[in-house]
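Given next are the chains, with one letter for each unit.
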Amino acid sequence: MKIHEYQGKELLRRYKIPVPQGEAAFDVEAAVKAAHGIMEATSNETIVVKAQIHAGGRGKGGGVKVVKGEAGVREAASKILGMNLVTHQTGPEGKKVGRLLIEQGMDIVRELYVGLVVDRDKRRVCLMASTEGGMEIEVVAARTPEKILKAWFDPATGLLPFQARDIAFGLGLADKQVNKAVAVMQSLATMFVKEDASLVEVNPLVVTKAGDVIALDAKVSFDDNAAFRHKDREEMRDATEENPVEAEAAALGFSYVGMDGDIGCCVNGAGLAMATMDIIKHVGGEPANFLDVGGGADAQTVKKAFKIILSDPRVKAIFVNIFGGILRCDVLAEGVVGAAREMGIKVPLVVRLEGTNVDIGRKILAESGLKIHTAKDMGEGARMAVELARGA
Amino acid sequence: MTILVDKSTRVLVQGITGGAGAFHTKQMMDAGTNLVAGVTPGKGGMKFEDRIPVFDTVAQAREKTGANASVIFVPAPFAADSIMEAAAADLDVVVCITEGIPTLDMIRARAFLAGKRTRLVGPNCPGIIAPPVSQKLGITPHRVTKPGDIGVISRSGTLTYEAIGQLTALGLGQSTCVGIGGDPVGGVDFVDLLGMFERDPDTRGVIMIGEIGGAAEEAAAAFIKDNVKKPVAAFIAGRTAPPGKRMGHAGAIISGGKGTAAEKVAALEAAGVKISPTPAEIGRSLASLL
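Conventions we followed
The residue numbering used here restarts from 1 in each chain and proceeds along that chain's sequence as written. Numbering of ligands from 1 and lettering of chains from A proceed in the order in which they are written. Where local features are concerned, this predicted model is filtered to residues with pLDDT of at least 70; where side-chain atom pairs are given and counted, the filter is 80 or more; whole-chain, interface and lining totals use all residues. No hydrogens and no water enter the side-chain calculation; it runs on all heavy atoms of the structure. Under the scheme used here, helices are H or I runs from DSSP no shorter than 4 residues and strands are E runs no shorter than 2 residues, and both carry numbers assigned from the N terminus. Note on classification: 1.4 Å probe, protein chains only; a residue is buried when its accessible area is under 20% of the maximum for its type, exposed when over 50%, partly exposed between these limits. Contacts between residues were defined by any pair of non-hydrogen atoms, one from each residue, lying within 4.5 Å. Asp and Glu count as negative and Lys and Arg as positive, but His and the ends of the chain are not part of the count. Where a charge sits is defined by one atom per residue type, namely NZ (Lys), CZ (Arg), CG (Asp) or CD (Glu). Two parts placed together each lose some accessible area under a 1.4 Å probe, and adding up what both lose gives the buried area. Salt bridge, as used here: a side-chain nitrogen of Lys or Arg that lies within 4 Å of a carboxyl oxygen of Asp or Glu. Each domain's extent is set by a domain assignment, obtained either automatically or from a database. What a helix should span is 1.5 Å times the count of its residues minus one. Each direction from the helix axis to a C-beta atom contributes to the arc, which is the arc of those directions. Strand pairing is assigned whenever DSSP identifies at least 2 bridges connecting the two strands. Orienting the strands away from the viewer, one traces the path from the first strand over the helix to the second; a clockwise path indicates a right-handed crossover. In protein, a polar contact requires one atom able to donate a hydrogen and another able to accept it; more generally it is a pair of N or O atoms within 3.5 Å, and residues adjacent in sequence count only if both atoms are side-chain atoms. Lines fitted to C-alpha atoms define the axes, with helix axes restricted to the stretch in contact, and inter-axis angles between N-to-C directions lie between 0 and 180 degrees. Note on angle classes: values under 35 degrees are labelled roughly parallel, values over 145 roughly antiparallel, values of 65 to 115 roughly perpendicular, and the remainder oblique. Crossing handedness is defined as follows: a turn of the near helix away from the far one that is anticlockwise and smaller than a right angle gives a left-handed crossing, while the clockwise case is right-handed.

*Asks:* Tell me about the overall build of chain A, and name the residues and values.
*Replies:* The helix and strand inventory of chain A stands at twelve helices and 18 strands. Taken along the three principal axes of its C-alpha coordinates, chain A extends 80 × 45 × 40 Å. Per-residue burial over chain A gives 54% buried out of 392 residues. Of all intrachain contacts in chain A linking residues separated by at least 6 positions in sequence, the fraction that spans at least 24 positions is 67%. Positive and negative side-chain charges in chain A, numbering 50 and 53 respectively, have mean positions lying 1 Å apart.

Listed below in structure tokens is the structure:
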């Protein structure tokens, strides 16, 4: 689960990491009001108006403006709120801006980068830092990997003070800034572990003219598997940032990713579901989706999966590819037959069944009286689905 | 011979009284597994199916029954603790079937395993099946298996079944099939198992099934180049997966342009591995090397 920058900064504040004074605003008047409060408290007219969407690259897309005074805030806020912000991470269709972060301006001397992720190969949390703040870390990693400093830590010990010092000195920090940066990095590490994050990125972490070390941005994602430990987190979810079909599928207990093709897929298991997309493409078709009904699926789940597949008007054929292990073929077949009867599926339906109780499953399909094309293996099933979609 | 387990392996099930645990324990018994105990805290003293004694702790189960391997069906919030409990009891092999364990829990569990004898398989995997010795520690549908001399290693559950089904249909039996799981942090990996299969005199060839995300397949390719003489065929799932999207498995995600199927296929081909062009030809790809 991803959250907005302003929500990430609230979290940073809770861990005593310095962030600019700021406030979220959902309309222009709230933005102006927030700006007044900040200008008064900081005795500074410079205000930053930042679009709040989950994608990066907002500045280049025109979603971040540094302005002066009420008039400037009003103009920027009116322009950015409701705009369709296109960045390299949103895709060409862009993302509509519905929220702003209004922040105090900063006198910046240096821009650094600090990020934390799980390093799956080392099986530790990795803190990365670089002097190239403001740049994307992937670009820095590709062009100048020597500029990325890394430290790995165990969640049990957290980031050790000497590790944070090594990084701070490596970034060329001196005097009081060393201890300030060490404190920021250690708090970020603590936050990563306590909050079950999967990504925490501060880009840039800045050194100000006054000598302070401040998180100017905050990108935070959480490990969904740990949601049971953080029950209050749901209120941070922004439904407008999520694909409604994918969210609905997730709520029903299976995973769905929409694609651009016309062959709807219904598969059990993530690997087989990916492989099914691959084989459809291999035989010249285009999958409409990735859909893993999961191991514990029953007739009801299958019915719901069909509903989701059919909600995509581009679907011209459906390919059901099941290797029953935990999910028994007879249960699956009943689900398919039930869904076909109830919803009156108009597109061709290809079913490939294998595994536990396959004979009963095939019998149920054969005796249903429905027009179901059965395939003996996944290669044949994929070819049949592609041909039938073309004929449709 | 087989890897990880053999005829004498004595198996206990953690979470034996839960829904999934009970169902699959019966399946494992049906497959001929040498099941000696169950563990569910608070249910010690009862008997599962009037036969298998249930204990409160793994340590007790081990002491009373001589169990040396475990299969875990405990719900995700408690599963990492179960792994560590099994390792603390010095079991040889621990298979964790549970899906959805927080990544940081797995990092803690792996750190706990360091220096211990216990080998972890999984989590989020179908486990181990060794047809020549009728031992099943997990959920693989055993009726599609056949005793033989091909090893299977896979990050995906149902694709493992697919590969086994194709091998069996071709008349090629399996020595041991191991699902290593679809999570970012798990137990034994391709490299560990490729080494075991290479050393196993009764394994003639190996199928490995990878998927997008991480660098485990690249590491396997480097290992194969220097250490594996037996024929290896591979399939990598997710050639058509879009970047930045989690494809069901927590570990199956292309991030920062890394972990693509194309990179993995190139690395494996360079190591002399035969790549199956589609998931329907995994069995035939290996057969062509024998």
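*Asks:* Tell me what's going on with the interface of chain B and chain A, and back it up with residues and numbers.
*Replies:* Of the residues lining the interface, 52 residues belong to chain B; the matching set on chain A comes to 42 residues. Across the chain B/chain A interface, buried area totals approximately 3800 Å², and carbon plus sulfur atoms make up 65% of it. Of all residues in chain B, Leu104(B), Thr240(B) and Met247(B) give up the largest surface area on contact with chain A, accounting jointly for 16% of the area buried on that side. Linking chain B to chain A there are four salt bridges.

*Asks:* Describe in detail the domain arrangement of chain B, supporting the description with residues and values.
*Replies:* All names here are of chain B. The domain boundaries assigned to chain B delineate domain 1 (1-124) and domain 2 (145-290). The distance between the C-alpha centroids of domain 1 and domain 2 comes to 25 Å. Each partner contributes to the interface: domain 1 provides 15 residues, whereas domain 2 provides 20 residues. Counting the surface lost from both domain 1 and domain 2, the interface buries some 1500 Å², and carbon and sulfur atoms represent 59% of this. On the domain 1 side of the contact with domain 2, Met1, Ile3 and Asn124 bury the most area, a combined 41% of that side's loss. Taken together, the links from domain 1 to domain 2 amount to zero salt bridges.

*Asks:* So, helix H3 (residues 69-80) of chain A: which residues are in play, and what are the values?
*Replies:* All names here are of chain A. With twelve residues, H3 extends 17 Å from end C-alpha to end C-alpha; this agrees with the ideal 16 Å at 1.5 Å per step. All of the buried residues along H3 are Gly69, Gly72, Val73, Ala76, Ala77 and Ile80. Looking straight down H3, one finds that the buried residues subtend no more than 120° of arc, so they occupy a single side. Every exposed residue of H3 that faces more than 90 degrees away from the buried side is listed here: Ala71, Glu75 and Lys79. Residues of H3 that are buried sit in contact with helix H2 (28-42), strand E2 (46-51), strand E3 (64-68) and strand E6 (100-104).

*Asks:* Before we move on, can you summarise the sheet that holds strand E5 (residues 69-72) of chain B with the specific residues and values?
*Replies:* Residues and elements named next belong to chain B. The mixed open sheet is built from seven strands, whose spatial order is E3-E4-E2-E1-E5-E6-E7. Where the open sheet ends on each side, the last strands, each with one partner, are strand E3 (47-48) and strand E7 (119-121). In this sheet, E5 lies alongside strand E1 (residues 11-14) in parallel orientation, the contact comprising four bridges. For Val11, the partnering residue across the bridge sits in E5 and is Ala69.

*Asks:* I'd like a rundown of the pairing of strand E11 (residues 174-179) of chain B, residues and numbers included.
*Replies:* Residues and elements named next belong to chain B. With respect to burial, E11 is a largely interior element, six of its six residues being buried. The pairing of strand E8 (residues 127-130) with E11 spans two bridges and is antiparallel. Within E11, the position partnered with Ile129 by the bridge is Cys177. For strand E10 (residues 147-154) and E11, the ladder comprises six bridges, and the chain directions are parallel. Pairing of Gly151 across the sheet is with Thr176, part of E11. Taken together, E10, helix H5 (residues 157-169) and E11 form a β-α-β motif whose crossover is right-handed.

*Asks:* Would you mind going over the environment of Arg341(A) in detail, with residue names and values included?
*Replies:* All names here are of chain A. Within the secondary structure, Arg341 is located in helix H10 (residues 329-343). Spatially, the C-alpha atom of Arg341 lies 52 Å from that of Lys60, the residues being 281 residues apart in sequence. Setting aside its immediate chain neighbours within four residues, Arg341 contacts Ser368 and Leu370. Here Ser368 takes part through its backbone oxygen, which lies 2.8 Å from a polar atom of the side chain of Arg341.

*Asks:* Residues and numbers for helix H8 (residues 270-282) of chain A, please.
*Replies:* Residue and element names in this part refer to chain A. Helix length check: H8 (13 residues) gives 18 Å between terminal C-alpha atoms against 18 Å at 1.5 Å per residue, within 8%. The element H8 is extensively covered by neighbouring structure, given that eleven of its 13 residues are classed as buried. All of the buried residues along H8 are Ala270, Gly271, Leu272, Ala273, Met274, Ala275, Thr276, Met277, Asp278, Ile279 and Ile280. Directly after H8, the chain includes Gly284, whose backbone phi takes a positive value near 100°.

*Asks:* Would you mind going over the sheet that holds E10(B) in detail, with residue names and values included?
*Replies:* All names here are of chain B. Read across the sheet, seven strands follow the order E9-E8-E11-E10-E12-E13-E14 without closing on themselves; strand pairing throughout is mixed. Edge positions in the open sheet fall to strand E9 (135-138) and strand E14 (274-275), since each of these has one partner strand only. Its contacts with the sheet put helix H7 (residues 216-227) on strand E12 (205-211) and strand E13 (232-237), and the angle it makes with E12 is roughly 155°.

*Asks:* Could you give me a rundown of unusual backbone geometry, with the residues and numbers involved?
*Replies:* Here the residue pair Asn203(A) and Pro204(A) is connected by a cis peptide bond, since its omega of 10° sits within 30 degrees of zero. Summarising the element assignment, Pro204(A) is placed in strand E10 (residues 197-208). Note the cis peptide between Gly122(B) and Pro123(B), where omega equals 10°. Its place among the elements puts Pro123(B) in the loop between E7 and E8. Positioned with a positive phi, Ser134(B) is a non-glycine residue whose angle comes to about 50°. Within the element layout of this structure, Ser134(B) appears in the loop between E8 and E9. For Ser134(B), a relative accessible area of 32% translates into the label partly exposed.

*Asks:* An account of the packing of helix H6 (residues 190-199) of chain B against H7(B) is needed here, citing residue identities and associated values.
*Replies:* Residues and elements named next belong to chain B. Where H6 contacts H7, the two axes come as close as 9 Å, and the packing angle between them is 30°. In terms of axis orientation, H6 runs roughly parallel to H7. In the packing of H6 onto H7, the handedness of the crossing is right-handed. Of the residues in H7, those touching H6 at Phe190, Val191, Leu194, Gly195 and Glu198 are Ala216, Glu217, Ala219, Ala220, Phe223, Ile224 and Asn227.

*Asks:* So what's going on with the side chain of Thr40(B)? Which residues, and what values?
*Replies:* All names here are of chain B. When you line up the elements, Thr40 lands in the loop between strand E2 (35-39) and E3. On the basis of relative accessibility, which here comes to 12%, the residue Thr40 falls in the buried class. A polar atom in the side chain of Thr40 sits 3.0 Å from the side chain of Thr17. Thr40 has contacts with Gly15, Ile16, Thr17, Val54, Phe55 and Asp56, leaving out every residue within four places of it along the chain.

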